[in-house]
Amino acid sequence: MYNQSLAMHLQYILIPLITLILVAVLVLGESIPTQSMSLKERNILRFSMTLVDSVDTLVLLGDLDEFEKAVKLIIQDVQFDSDIIVSVFETNIRMIGGLLSAHILTEHIRKNNGVMLWYNGEMLEMARDLGYRLLPAFNTSTGLPHAKVNLRHGMKDEHLKKSRETCTACAGTILLEFAALSRLSGDPVFEALAHTAMDALWKLRHRGSDLMGTVLNVHSGDWVRRDSGVGAGIDSYYEYLFKSYVLLGDDKYLVRFNRHYNAVMKYVSEGPMLLDVLMHRPHAKSRNFMDSLLAFWPGLQVLSGDIKPAVQTHEMLYQVMQMHTFIPEAFTVDFQIHWAQHHLRPEFIESTYFLFRATGDHHYLQVGKKALKTLQKYAKVPCGYAAVNDVRTGKHEDRMDSFVLSETFKYLYLLFSEPQDLLVDVDEFVFTTEAHLLPLTIAQLGNASFNFRQSGEHNVLDFMRTCPNSNRFLPETVRKPLRNLITGSCPRPLSGKRLRALDFQGSNADHLRAIYDMGITMVSLGDGKVRLFHSFYNAKSPEDGEMGIIFMQEMLELTKMQSMNQLAQLQAVAYALDNNSNDWIALMAGPSHFGTELAGERFVEGELIISIPFRACDGPLNSADISGKILIVERGDCTFVSKARLAEAAGAIALIVCDNVPGSSGETQPMFAMSGDGTDDVSIPVVFMYSLEYNKLGAVLKRKQKMSVRLMQMIEFKRWQLEKNSSQPTTAKKLYTTEDIIDPVSLKKKDQTSGSTVSEMESWTEKVQKGGDSSPGNVATKATATSESDEFKEEL
């Protein structure tokens, strides 16, 4: 498949075009006006993208003779001093990645196979030349690169003067290739710019949801499209976060991946489906269809160690493929066609390969066989393999993208090959998003990243993910319940759909009836708390009883995830008991979506001052006394961010906003995170305190008249206090906080009266009560779950 397609590409496309230009120049003495050629023809002629993008596949195929010929052709004919506009993203992943991979593999086979001894690093120099031609795109105020650049004139091209927008994946899929280029060439500029772009993207995440949008302005950093998912526009950003950690060993990229991953699984994942949401309103779906690019996600989940959901999503995609012959470019939530094209994309085959490598399950060989036969039957044409214009009719397009040879066929070959038959050990390499091979030894070549766990910017919760042992994992047990997810041409009926803990609402009568049928009893404990008891034999049927067990398990997982997220975001307003005391009290506060983020060991300490007037919407009248102090204002009459701007203008070093609802408290209500207005021009930290917490602070301030506090993360306050106490082992110190700030996940305990297992489930607000916003008006519903049966006790 690969050899035929590449040969046809060279014979019928690339060589005729080169011949045409040579005849025009050498024989006729004139040049062909490129204006008469299509953009695709000009790019093929001057760029030879397919040849460069796919050449490393020949090494995996073991065809070193053809590989050597292709390398000579690249060195001889490919040049980049051309007046053409190219995509920075595509040029990086296909051309720079292809040249670097070919260079690395050439050096590998020179050393181990004694061939191509004539090679002298020409492709590395070509990659460096091309990299320099992309650098003008990074000249932005944010550090995010423009989407396109002219290879000869940079950003001075007339067509690029209005360039403003790029996608998250475009800006976030640079680092692997640029880091490899810097470390192989010794020129650090490429890696430095790529790190800057990744850092800029991280700062633009929504701090409440940890989600990213898909399109943004490279100059202002403003989001243009706030849809958040794992498909088109954002897919490879997630991939490069994780793979940058693997390739470069920099912990900060693992931290960022884990934060994003947890957010995706919380808001975007719907069982096996992945549906886009709004980054700033993560419980609101932004569209009712999925695009085929999300098929890479199961493969990334395998690499990160989360195999079960990978199996589920892959099984859903496989059923879509069987239903429509190919996976359409986009399909709806009921698995009907939304966009009918199929471009022979590699993502599904890629995930199939990684699932097989992780599980050894021969089911994935059968999936690969099915995909291979489908390609041969419906996509093969005399000159290679053609994209399908409409999967319903089988009509072809006159195109075969370079990724077909670079990725689709490569992953198919790797799926069916034995590792010992390959010339290289692929476990010693990282596959880029275009399936180019970069060696893990890159990390040893300089620019080494420091250990981010010791930097203090993130807390230990960001590292709480480990890889499972896939040797005891049986994918069949996960696939089996999904076997009838798609029946015929219609989705399965929803009448028997199981109620998930994620969707449960305590005020919904149908939901209460559903959990009753599952054998679950809900008992009110007062103060907004409920306790759930489950008895298998009280269920309406054995099937309902099993659903009840699953529901209880999901409820516990929901509580655990939300409590961990809340604990990580919780802020503290801390102060000493008296001027000479080492004992401190920490009052709970909520974060903001604007201003400086108090993360890790970062804190602000200063004297408190109350604004006059208290709400300060027209600016504080006592502004002369505010400079260098922490200002306190009351919520109301104007936006949070307006108060913050006025406080900063008056010289405040931080702002505390107290609630205007009497009796509100963080102990009984969900954490409140203040939203901005889309313009993040505030540079001071801002925190929010409920009324009861602020009353405690105000009482001390009234008594002392002059008082200093420290604003910081609550988890860092606890760590700081522990460190202070450990430095004075002879004196027992007490950690002062406001009574059980948040109980992350209560330890399991035995109920003394029934002997059944009880797990306290705190702060389960967003799902028990409809609405899910973080306003103080929503009182958290708390739950306790108990599961028991007449013959056995099962601890959930």
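Please refer to the structure higher up on the page.
Since this is a predicted model, take the numbers as computed values, not measurements.

Caption draft 1: Up close: the overall build of the protein chain. A count of helices and strands for the protein chain gives 24 helices and 34 strands. The burial tally for the protein chain puts 57% of its 796 residues in the buried class. Restricting to contacts in the protein chain with at least 6 residues of sequence separation, those with at least 24 account for 71%. For the protein chain, the accessible area works out to roughly 34,200 Å², and carbon and sulfur atoms hold 51% of it.

Caption draft 2: How the structure looks around the nonpolar core. Judged by nonpolar contacts, the single largest core of 143 residues is most densely connected at Phe-67, Phe-178, Tyr-237, Trp-297 and Phe-348. In this view, Phe-178 contacts Asn-92, Ile-96, Leu-134, Leu-135, Phe-138, Phe-190, Glu-191 and Ala-194; residues no more than four positions away in its chain are not counted. Membership of the second largest hydrophobic core comes to 22 residues, among which are Ile-585, Ala-589, Tyr-694 and Met-707.

Caption draft 3: Spatial organisation of the environment of Ile-93. Its place among the elements puts Ile-93 in helix α6 (residues 88-113). In contact with Ile-93, other than residues within four places in its own chain, are Gly-98, Thr-173, Glu-177, Tyr-240, Thr-433, Glu-434 and His-436.

Caption draft 4: Seen up close, helix α22 (residues 691-704). In a regular helix each residue adds 1.5 Å, so 14 residues correspond to 20 Å; α22 covers 20 Å between its end C-alpha atoms and thus fits that length. Regarding α22, the residues found buried are Ser-691, Glu-693, Tyr-694, Leu-697, Val-700 and Leu-701. The positive-phi residue at the C-terminal boundary of α22 is Gln-705, with phi of around 70°.

Caption draft 5: The arrangement of the state of the cysteines in detail. Counted by the stated rule, this structure contains two disulfides. The disulfide partner of Cys-167 is Cys-170, and the S-S distance across this bridge is 2.2 Å. A torsion of 90° about the S-S bond marks the disulfide between Cys-167 and Cys-170 as right-handed. Overall, the relative accessible area of 14% leaves Cys-167 in the buried class. The disulfide partner of Cys-617 is Cys-638, and the S-S distance across this bridge is 2.2 Å.

Caption draft 6: Local environment of empty space enclosed by the protein. The final tally for this structure, using the stated rule, is three cavities of 30 Å³ or more. Each pocket or cavity is described by its volume, and for the largest cavity that value is around 190 Å³. Ile-327, His-342, Arg-345, Phe-348 and Ile-349 are, among the 17 residues lining the largest cavity, the residues nearest its centre. Where the lining of the largest cavity is concerned, the elements lending two or more residues are α15 (347-359) and α16 (363-378). When its residues are assigned to classes, the lining of the largest cavity shows ten nonpolar, five polar and two charged.

Caption draft 7: Representation of the pairing of strand β26 (residues 604-610). Note that β26 and strand β30 (residues 708-713) share four bridges and pair antiparallel. Paired with Glu-605 across the strands is Arg-710, a residue of β30. For β26 and strand β27 (residues 630-634), the ladder comprises three bridges, and the chain directions are parallel. Within β27, the residue paired with Ile-609 across the bridge is Leu-631.

Caption draft 8: Structural context of the sheet that holds strand β9 (residues 277-278). On the basis of which strands lie adjacent, the open sheet formed by three strands has the order β6-β9-β10 and antiparallel pairing. Whereas interior strands pair on both sides, the edge strands pair on one side only; in this sheet they are β6 (227-228) and β10 (281-285). Strands in contact with helix α12 (residues 251-268) are β6, β9 and β10; relative to β10, the strand with the most contacts, it is inclined by about 40°.

Caption draft 9: Highlighting unusual backbone geometry. Following Ile-612, the chain continues into Pro-613 via a peptide bond in cis, with omega recorded as -5°. Relative to the assigned elements, Pro-613 resides in the loop between β26 and β27. Non-glycine residue Phe-335 carries a positive phi angle of around 70°. The topology assignment puts Phe-335 in the loop between β12 (330-332) and β13 (337-339).

Caption draft 10: Layout of the sheet that holds strand β3 (residues 165-167). Strand order across the open sheet formed by three strands is β3-β4-β5, with antiparallel pairing between neighbours. Each end of this open sheet is capped by a strand with a single partner; those strands are β3 and β5 (223-225). Between one strand and the next, the sheet's axes are offset by a mean angle of 35°, whatever the strand orientation.

Caption draft 11: Here's a closer look at the packing of helix α11 (residues 235-248) against α12. Two numbers describe how α11 lies on α12: the axes approach to 7 Å, and their chain directions differ by 145°. As α11 runs across α12, the sense of the crossing is left-handed. Residue-level contacts link Tyr-237, Tyr-238, Leu-241, Phe-242, Ser-244 and Tyr-245 of α11 to Asp-251, Tyr-253, Leu-254, Arg-256, Phe-257, His-260 and Val-264 of α12. Grouping the constituent residues of the contact of α11 with α12 by class yields nine nonpolar, two polar and two charged.

The rules behind these values
- Residues numbered from 1 in each chain as written.
- Predicted model: local features only at pLDDT ≥ 70, side-chain atom pairs only at ≥ 80, totals over all residues.
- Heavy atoms only, no water.
- Helix = DSSP H or I, 4+ residues; strand = E, 2+ residues; numbered from the N terminus.
- Buried < 20%, exposed > 50% of the residue type's maximum accessible area, 1.4 Å probe, protein only.
- Contact = heavy atoms within 4.5 Å.
- Areas by Shrake-Rupley, 256 points an atom, 1.4 Å probe, with all protein chains shown as cover.
- Core = buried A, V, L, I, M, F, W, Y, C linked by side-chain atoms within 4.5 Å.
- Expected span 1.5 Å × (residues − 1).
- Disulfide = S-S within 2.5 Å.
- 1 Å grid on protein atoms, 1.4 Å probe; cavity = no way out; pocket = protein on both sides within 12 Å on 5 of 7 lines; lining within 4 Å.
- Points joined across faces, edges and corners; volume = space filled by probe spheres on them.
- Nonpolar A, V, L, I, M, F, W, Y, C, P; charged D, E, K, R; others polar.
- Pairing = 2+ DSSP bridges.
- Axes fitted to C-alpha atoms, helices over the stretch in contact; angles between N-to-C directions.
- Left-handed = near helix turned anticlockwise from the far one by under 90°.

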